[in-house]
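Analysis of the macromolecular model
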Amino acid sequence: MTERPTPDLAIVETRVYRGPNVWSYDKAIHLVVDLGGLEDYPTDKIPGFTDHLLQALPGLAQHSCSRGRRGGFVERLHEGTWLGHVTEHCALALQQVVGHDIRRGKTRGVKGEHGRYHVIYGYIDENVGLAAGRLAARLVNHLVQADPEFDWEQELESFIIRAERTAFGPSTQAILDEAVSRDIPWIRLNQYSLVQLGQGVHAKRIRATMTSETSSIAVDVASDKDLTTRLLGAAGLPVPKQETVRSEEQAVAAARRVGFPVVVKPLDGNHGRGVRLDLRSDDDVRAAYPIAREQSRRGICIVESFITGKDYRCLIIDGRMAAIAERVPASVTGDGTSTVEELVDLTNADPRRGVGHEKVLTRIKIDAAAEEVLAAQGYQLDSVPAQGETVMLALTGNMSTGGISIDRTFEAHPENVEIAEEAARMIGLDIAGIDFICPDITEPVRDTGGAICEVNAAPGFRMHTHPTIGEPQFIARPVIDMLFPPGARSRIPIVAVTGTNGKTTTARMISHVFKGMGRKVGMTSTDGVVIDERLLIRADASGPRSARMVLQNPRVDFAVFEVARGGILREGLGYERNDVAVVLNVQPDHLGMRGIDTVEQLADVKAVVVEAVPRDGHAVLNADDPLVREMRRRCSGQIVWFSMEEPGSEVREMIEAHCRRGGKALVLNPSDRGEMIVVKHGRREMQLAWTHLLPATFSGRARMNVQNSLAAAAAAFAAGAPLQDIRQGLRTFSTNYYLSPGRLNEVDVNGAHVIVDYCHNAPGMRMLGDFVDRVGESLSANSALGRISRIGVIASAGDRRDEDMRELGQVAAQHFDVVIVREDDNLRRRERGETAGLVAEGVSSAMSEGARCRQVEIDLEEISAVRHALSRANPGDLVVICVDQHGRVMSELENWSDRAQAGSGENPDAPAADPDYTPAEAATIS
């Protein structure tokens, strides 16, 4: 007998992608599973595994897998496939069991790790998807070797119940399905039915069938049945006689005045709870009153005349009739052999019936009210009705009590439709359920007798979308038409900016351009979330959660997102797509983290924003970077190139060919006067601005900001901004502390030129070093001594590789005379002094090879390092401070300048710098 393997499959890591990601164009769940000893046991080597698996999840027989036809996955099982792959398909099949039609999935081996697999599969509801993955892993282990504590039937039922608890109701789901069919984005705002449709300034909200357009007063009026009846009666609409009562005796007296038979119901009830019909005596009223009062929140009941006839629900949306359904109370039909209780069980066995609103029909519930209705007909639960005899189990036709619906939309008399529409207008509801009681909806109510007995706010759609008899009505369509009329926008433009260096500055430039155009811009960056130039959250907000926060803000009509590598790997993008994707560069940074070990893999991560561009969108790509240039193959939209290469180069020839085919690009054209940014569209060329006239470029010396200006202008051009607005935006954007904190902020401290920047990696240091060289040469030329000293304060984040830290020091040594190495507050699991030591090693190695640097020092604390650098600087020298906490450093610079003006020099007892510093008078130090 073959020995069965040990059930070793384990989930070692779980990620939830809430938007496009490195594995999928849509949201997905990513499990890293370790098969352990099961790596040596594909499915064909485990006796009985495939048969037992198909018994547990029969839906797997429909999976096509890579074969592209039904049954393809079963073929793979018989041939032998690994259990990570099986886990993926089980997770999909479990979601399909609860009605989530998800078919996207893939399984790939983890490179370099034996027995580990990436299991990726789609989901609709995040909690359901996660639960499906966990249960799939447990099922696979159970089928490998039976676990006596694992009851599959019970586990499956618990999974289904959990899924039903978090699922949208049929009304909400119908609206969402219609929204998705029109490409309207939606965001679930809580665990219930509160949903946002659309983005930013275009957003609308729904909760079930109540919308952001629903009047609160109208809802209050509809909840007061007495007030509703009086308003409708005053408008000449047919309503029953009624009175409000607060005690049992008042109810009896009111019944006598109204005239028997009567109805007793709560003033503010719903779903037919507490309603008692066809009461023909004082005793009947006394018995019904406490039941109705219990369901009233205010303890007030209504006694009204009982209208005989059929129960009809007229659905009015935006003032027009959308659907009409006849509601038939819960009942069973005798077969001459079964008891009433057995007939109820048979009826509830209908797969269309479920608990509450989970399915199109609700199970019939046997309670005291049902037994009372039976008794009135002369039956008990153990009675056996005759063949064909109908036995009522409820008096009201509510779907929630087990009733059925029959579509009557196209049978109603026009006069009755007009009455229902007028009733909705009188109450003021945008979506209303008008309850008619009349003999026949096809005849005028005023002729046949009948009345409006209720007007309901937030009416259920289930009886119309899934009628028991008749054609379903697509009533979500008029709801979406009301919220988003034809031609109305539901999305705001989204510009996503990514790259290794320059993301924040470019995002700020783009935001500045569109702010100048009068747009309400929502921006996320490593500094925080900014809405219309107001900083709402001070934090690293370059991830997907911050993006969703902007899209939920009702003021925002234009979004600019800085998209960082970490957020993409952790959760994917925080939205479905971006209209413009900007990729600045891909350089070796953050390698060795989250499975990204090469710059090519990093480029794949950055390319996610390019893949998220729709067909009518644009990808703004750096033609000078080979890795970015390759991303053009992943874009569904148009490409807009930007380049700093000179005319005649290979890159410029490629751009010229692109433009001859009608493409777009932004390039630099040099001349005797300087460099001109030129916009190319097809065969047209339009001059935009001289680079030396843009404040952010420091007269063209800051080449990184020349490149950022090209990218920002290209993004704005792709997003539809006129050239004059782009030009004005670039000419008014500067790197001062207010517009661009921590990015090339220039400060004069006692005659020394101080530059504050966030530079933290070797590629960034090369660009910053080029700027230092250009500025240094200019300062030296103007110096009385003919030369100045360059002092750099540098640091690296602790989560970088050792070789990256050394490289940072080596690059810095090429551009500074003195290098002071500090450390960040957050050491990122490094020992104190370890990071600074590695950077200093790089500086020393470059010095030994003849680099410019003549001295390297370590001063671990940031403010101490800043003070040390300033104490070494003479008037005219250049000091570059690569900061961690820029607010704290700027505060120290201002304090240092103030102390110098007071003649005190450095004061070791000066108060600590403020970490939340905002300069009150920038002119005194800038």
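Everything discussed here concerns the structure shown above.
This structure is a prediction, so every number in the text was calculated from the model and none was measured.

When helices and strands are counted, the protein shows 30 helices and 38 strands. With respect to the principal axes defined by its C-alpha atoms, the protein has extents near 115 × 80 × 65 Å. Going through the 926 residues of the protein one by one, you find that 55% of them count as buried. Counting every atom, the protein has about 39400 Å² of accessible surface; 47% of that belongs to carbon and sulfur.

A large share of strand β26 (residues 558-562) lies buried, amounting to 5 of its 5 residues. A two-sided burial pattern is seen for β26, the buried positions comprising Phe558, Val560 and Glu562 on one face and Ala559 and Phe561 on the other. One ladder, built from 4 bridges, connects strand β22 (residues 494-498) with β26; its direction is parallel. Looking at β26, one finds that Val495 is bridged to Val560.

A cluster of acidic side chains, namely Glu341, Glu342, Asp345, Asp367, Glu371 and Asp382, defines a negative patch on the protein surface. The element that contributes the greatest number of residues to the negative patch is helix α11 (residues 340-348), accounting for 3 residues. Note that Asp367 resides in the loop between β17 (361-362) and α12 (368-376).

On to a nonpolar patch on the surface. A cluster of nonpolar side chains, namely Leu536, Ile537 and Met549, defines an oily patch on the protein surface of about 230 Å² accessible area. Along the chain, the position of Ile537 falls in strand β25 (residues 534-538). On the basis of relative accessibility, which here comes to 32%, the residue Ile537 falls in the partly exposed class.

Proximity of charged atoms lets side chains of opposite charge pair with each other. Within this structure, the stated rule accounts for 72 salt bridges. The partner of Asp824 in a salt bridge is Arg822, and the shortest N-O contact between them spans 2.8 Å. Like Arg822, Asp824 is buried. Arg888 is the partner of Asp825 in a salt bridge, and the nearest nitrogen-oxygen pair spans 3.2 Å. Here the residue Asp825 occupies a position in the loop between β36 (818-821) and α28 (834-848), and Arg888 occupies one in helix α30 (residues 886-901), the gap between them amounting to 63 residues. The partly exposed category is assigned to Asp825, whose relative accessible area is 46%. Here Arg888 falls in the buried class, since its relative accessible area comes to 14%. Bridged by salt links that share partners, the residues Arg18, Glu126, Arg545, Arg548, Arg570 and Glu571 form one connected network.

It is worth spelling out the state of the cysteines at this point. Tallied over the full model, the rule gives 0 disulfides. Left unpaired, Cys438 is separated from the closest cysteine sulfur, that of Cys314, by 7.9 Å. Cys882 forms no disulfide, and the closest cysteine sulfur to it belongs to Cys759, at a distance of 4.7 Å.

Our next topic: unusual backbone geometry. Cis geometry is adopted by the peptide bond preceding Pro261, which originates at Phe260 and carries an omega value of -5°. In this structure, Pro261 sits in the loop between α9 (248-258) and β10 (262-266). At Asp532, a position not held by glycine, the phi torsion is positive, near 50°. Relative to the elements of secondary structure, Asp532 occurs in the loop between β24 (528-531) and β25.

Okay, helix α13 (residues 414-427) next. With 14 residues, α13 extends 20 Å from end C-alpha to end C-alpha; this agrees with the ideal 20 Å at 1.5 Å per step. Positive backbone phi, approximately 95°, marks Gly428, located one or two places after α13.

Okay, the nonpolar core next. Formed by 47 residues in total, the largest nonpolar core has its most connected members in Phe561, Tyr575 and Leu621. For Leu621, the contacting residues outside a window of four places in its chain are Val583, Val610, Val628, Met631, Arg632, Ile639, Val640, Trp641 and Phe642. Grouped together as the second largest cluster of nonpolar side chains are 44 residues, Ile46, Ala91, Tyr117 and Val119 included.

Our next topic: the sheet that holds strand β33 (residues 745-749). Pairing is mixed in the open sheet, where 6 strands are placed in the order β33-β34-β38-β35-β36-β37. One side of each edge strand has no neighbouring strand; the edge strands of this open sheet are β33 and β37 (855-858). For this sheet, the mean angle separating the axes of adjacent strands, direction not counted, is 20°. Both β36 and β37 contribute to a ladder of 4 bridges, which runs parallel. Bridged to Ile820 within β37 is Glu857.

Next up on the list: helix α29 (residues 862-872). Owing to its 3.6 residues per turn, the α-helix brings residues three or four apart onto one side. Among the residues of α29, those classed as buried are Glu862, Ile863, Ala865, Val866, Arg867, Ala869 and Leu870. N-capping of α29 is provided by Glu861, with a side-chain oxygen placed 3.1 Å from the backbone N of Ile863.

Spatially, β5-β6-β7-β8 is the arrangement adopted by the 4 strands of the open sheet, whose pairing is antiparallel. The open sheet has two edge strands with one neighbour each: β5 (186-188) and β8 (210-211). Bridge count for β5 against strand β6 (residues 194-197) is 3 bridges, and the pairing is antiparallel. For Trp186, the partnering residue across the bridge sits in β6 and is Leu197.

Right, let's talk about the side chain of Ser24 for a bit. With respect to the helices and strands, Ser24 occurs in the loop between β1 (10-17) and β2 (28-34). Of note is the side chain of Ser24, whose polar atom sits 3.0 Å from the backbone oxygen of Asp26. Of note is the side chain of Ser24, whose polar atom sits 3.3 Å from the side chain of Arg104.

Another aspect to go through is the packing of helix α4 (residues 126-144) against helix α5 (residues 152-166). Interhelical geometry of α4 versus α5 gives an angle of 170° and a closest axis separation of 10 Å. Comparing the axis directions of α4 and α5 gives the class roughly antiparallel. Of the residues in α5, those in contact with Asn127, Val128, Ala131, Ala132, Arg134, Leu135, Arg138 and Leu139 of α4 are Trp152, Glu155, Phe159, Arg162, Ala163 and Thr166. Considering only residue class, the contact of α4 with α5 consists of 8 nonpolar, 2 polar and 4 charged.

Mapped onto the elements of the fold, Ala254 is located in helix α9. For Ala254, a relative accessible area of 0% gives the class buried. For the pair Ala254 and Gly402, spaced 148 residues apart in sequence, the C-alpha separation works out to 31 Å. The contacts of Ala254, once residues within four sequence positions are left out, are Glu243, Val245 and Val303.

The final tally for this structure, using the stated rule, is 5 aromatic pairs. Consider the rings of Phe514 and Phe558, whose centres lie 3.9 Å apart with planes at 20°: the pair is stacked. Residue Phe514 is found in helix α17 (residues 503-516), and its partner Phe558 is found in strand β26; the two are separated by 44 residues along the sequence. Sitting over the ring of Phe168, Arg188 keeps its end group 4.0 Å from the ring centre. Looking at Lys664, its charged tip hangs above the ring of Phe717, at a distance of 5.7 Å from the centre.

Parameters and conventions
Each chain has its residues counted from 1, following the order in which its sequence is written. Given that this is a predicted model, residues contribute local features only at a pLDDT of at least 70 and side-chain atom pairs are listed and counted only at 80 or more, while totals for whole chains, interfaces and linings are drawn from all residues. Only heavy atoms go into the side-chain values, all of them from the structure, while hydrogens and water stay out. Numbering of helices and strands starts at the N terminus; helices are DSSP runs of H or I of at least 4 residues and strands are runs of E of at least 2. Accessible area is worked out with a 1.4 Å probe on protein chains only. A residue is then buried under 20% of its type maximum, exposed over 50%, and partly exposed in between. Computed with the Shrake-Rupley method and a 1.4 Å probe, the accessible areas treat only the protein chains shown as cover for residues. Pairing between strands is defined by DSSP: at least two bridges between them are needed. By definition, no residue in a patch forms a salt bridge, and every one has over 30% relative accessible area; like charges are joined within 9 Å, nonpolar side chains (Val, Leu, Ile, Met, Phe, Trp, Tyr) within 5 Å. In the sections that follow, a salt bridge refers to a side-chain nitrogen of Lys or Arg positioned within 4 Å of a carboxyl oxygen of Asp or Glu. When charges are counted, neither His nor the chain ends are considered; positive counts come from Lys and Arg and negative counts from Asp and Glu. The atoms used to mark charge sites are NZ of Lys, CZ of Arg, CG of Asp and CD of Glu. The term disulfide is used for any two cysteine sulfur atoms that are within 2.5 Å. A helix is expected to span 1.5 Å multiplied by its residue count minus one. Remark: nonpolar core denotes a set of buried residues (Ala, Val, Leu, Ile, Met, Phe, Trp, Tyr, Cys) joined through side-chain atoms within 4.5 Å. The contact criterion used is simple: two residues touch if any of their non-hydrogen atoms lie within 4.5 Å. Angles here are taken between N-to-C directions and fall from 0 to 180 degrees, while the axes themselves are lines fitted to C-alpha atoms, restricted in helices to the stretch in contact. Polar contacts, as used here, are pairs of N or O atoms within 3.5 Å; protein pairs need one atom able to donate a hydrogen and one able to accept it. Residues neighboring in sequence count only if both atoms are side-chain atoms. Orientation is classified from the angle alone, with under 35 degrees giving roughly parallel, over 145 giving roughly antiparallel, 65 to 115 giving roughly perpendicular, and any other angle giving oblique. We call Asp, Glu, Lys and Arg charged. Ala, Val, Leu, Ile, Met, Phe, Trp, Tyr, Cys and Pro are nonpolar, and the rest, Gly among them, are polar. Between rings of Phe, Tyr and Trp, where Trp is taken as its six-membered ring, a pair exists when centres lie within 6.5 Å; planes separated by under 30 degrees are stacked, by over 60 edge-to-face, and by other angles tilted. By definition, being over a ring means that NZ of Lys or CZ of Arg is both within 6 Å of the ring centre and within 35 degrees of the ring normal.

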